[in-house]
Amino acid sequence: VHEECGQGVELSHMYVDNAAMQLVRWPKQFDTIVCGNIFGDILSDEASMLVGSLGMLPSASLPSEGPGVFEPIHGSAPDIAGTDAANPLAMILSAAMMCQYDLLQPDLAKLLEDAVEAVLDAGYRTRDIVNEGNADETLVGCKE
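A quick note: this is a predicted structure, and the numbers were derived from the prediction, not measured.

A.B. asks: It is not clear to me how the overall build of the protein should be interpreted in this structure. Could you clarify?
C.D. replies: From N to C terminus, the protein includes five helices and four strands. Along the protein, from the amino end to the carboxyl end, the secondary structure elements read α-α-α-β-β-α-α-β-β. Viewed in the frame of its principal axes, the protein has a C-alpha envelope of about 50 × 35 × 30 Å. Counting the 144 residues in the protein, one finds 24% classified as buried.

A.B. asks: Is there a simple way to explain the side chain of serine 53 in this structure?
C.D. replies: Position of serine 53 among the secondary structure elements: in the loop between helix 3 (37-51) and strand 1 (58-61). Those residues in contact with serine 53, other than ones at most four positions away along the chain, are Ser48, Asp128 and Ile129.

A.B. asks: Is there a simple way to think about unusual backbone geometry in this case?
C.D. replies: Excluding glycine, most residues fall at negative phi; most peptide bonds, likewise, are trans. One non-glycine residue, aspartate 84, adopts positive backbone phi at about 60°. The backbone of leucine 104 shows a phi angle near 55°, a positive value even though the residue is not glycine. Along the chain, leucine 104 turns up in the loop between helix 4 (89-101) and helix 5 (106-121). Taking the relative accessible area as the measure of exposure, leucine 104 reaches 63% and is therefore exposed.

A.B. asks: What is the right way to look at the pattern of salt bridges in this model?
C.D. replies: It is possible for side chains bearing opposite charge to pair when their charged atoms get close. Applying the stated rule across the entire model yields two salt bridges. Notably, a salt bridge pairs aspartate 114 with lysine 110, separated by 2.8 Å at the nearest N-O pair. Note that aspartate 114 and lysine 110 are positioned in helix 5 at a spacing of four residues, about one turn of the helix. We classify lysine 110 as partly exposed; its relative accessible area is 45%. For glutamate 137, the salt bridge is made with arginine 125, and the minimal N-O distance between the two is 3.5 Å. Taken as a pair, glutamate 137 in the loop between strand 3 (124-125) and strand 4 (138-139) and arginine 125 in strand 3 lie far apart in primary sequence, 12 residues in all.

A.B. asks: Just to check I follow, could you spell out the environment of glutamine 100 for this structure?
C.D. replies: Summarising the element assignment, glutamine 100 is placed in helix 4. Among residues more than four places away in sequence, those in contact with glutamine 100 are Gln105, Pro106 and Ala109.

A.B. asks: Got a minute to help me understand the nonpolar core in this structure?
C.D. replies: The nonpolar side chains of a soluble globular protein tend to be buried, and buried together. Among the nonpolar cores identified, the biggest contains six residues, and these are Ala19, Leu23, Leu43, Ala47, Leu57 and Ile73. With sequence-adjacent residues up to four places away left out, leucine 57 is seen in contact with Ser44, Ala47, Ser48, Val51, Pro72, Ile73 and Ala90. One finds Met56, Leu89, Leu93 and Val116 within the second-largest nonpolar core, a separate group that totals five residues.

A.B. asks: Looking at this model, I keep getting lost on the side chain of glutamine 22. Mind explaining?
C.D. replies: With respect to the element layout, glutamine 22 can be found in helix 2 (residues 16-25). At a separation of 2.8 Å, a polar atom in the side chain of glutamine 22 contacts the side chain of arginine 25. Within the structure, the side chain of glutamine 22 is placed 2.9 Å from the side chain of glutamine 29, a separation counted as a polar contact. Glutamine 22 has contacts with Met14, Pro27, Gln29 and Phe30, leaving out every residue within four places of it along the chain.

A.B. asks: Mind showing me how you'd approach the environment of threonine 83 here?
C.D. replies: The residue threonine 83 is located in the loop between strand 2 (69-72) and helix 4 in this model. Along the backbone, threonine 83 and glutamate 132 are 49 residues apart, and their C-alpha atoms lie at a distance of 19 Å.

A.B. asks: Mind showing me how you'd approach the environment of histidine 13 here?
C.D. replies: Turning to its location among the elements, histidine 13 is positioned in the loop between helix 1 (2-5) and helix 2. Given the relative accessible area of 72%, histidine 13 is considered exposed. For histidine 13 and valine 34, which are 21 residues apart along the polypeptide, the C-alpha to C-alpha distance reads 9.7 Å.

Calculation notes
Residues numbered from 1 in each chain as written. Predicted model: local features only at pLDDT ≥ 70, side-chain atom pairs only at ≥ 80, totals over all residues. Heavy atoms only, no water. Helix = DSSP H or I, 4+ residues; strand = E, 2+ residues; numbered from the N terminus. Buried < 20%, exposed > 50% of the residue type's maximum accessible area, 1.4 Å probe, protein only. Contact = heavy atoms within 4.5 Å. Salt bridge = Lys/Arg side-chain N within 4 Å of Asp/Glu carboxyl O. Core = buried A, V, L, I, M, F, W, Y, C linked by side-chain atoms within 4.5 Å. Polar contact = N/O pair within 3.5 Å; in protein donor to acceptor, adjacent residues only side chain to side chain.

Written as C-alpha cells, this is what we have:
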C-alpha cells in the first residue's frame, strides 16, 4: 500500500511497546499511526492523555475501498450517558475527518476544525478538561 499511495510519506515500523513509549516521549514525531484494532485501542487511549481527555480525540477506521467509520476514540461512553458530562469535541472532529477523507470536502473539514479551536480559545470546557479555579475557563455541558 505504501508503494502505491504513500509517495512522499515517510514509513517506519515499530513494535507496539516502543510506539507506546515514543508516543509519550516525543508525540510530534507521529502524524498517523496505522495498526490493528487492539493495539490501536491501547495507543489511542494513551495518546488521549497527551491532550487531556478521551473526549478530545477523533478516530477513523478506513478500509482499502468504500466508506470509513468515524467516531470518537471513546466510542459511545455509556458510563456517562445522561449526565451532561460528555465532551462533544471528538465527535465534531470525527465528522471533520469524515468530511476530509470520505466526502472529499476539505473546506467543510476545516470549518469544523476551526469551530472547535474557536470554542477552546474562548475558554469553554467540559468537565473532563476544565481546570478548576481557572477564571479564563467556563464549564459547559452538552445542554448549553
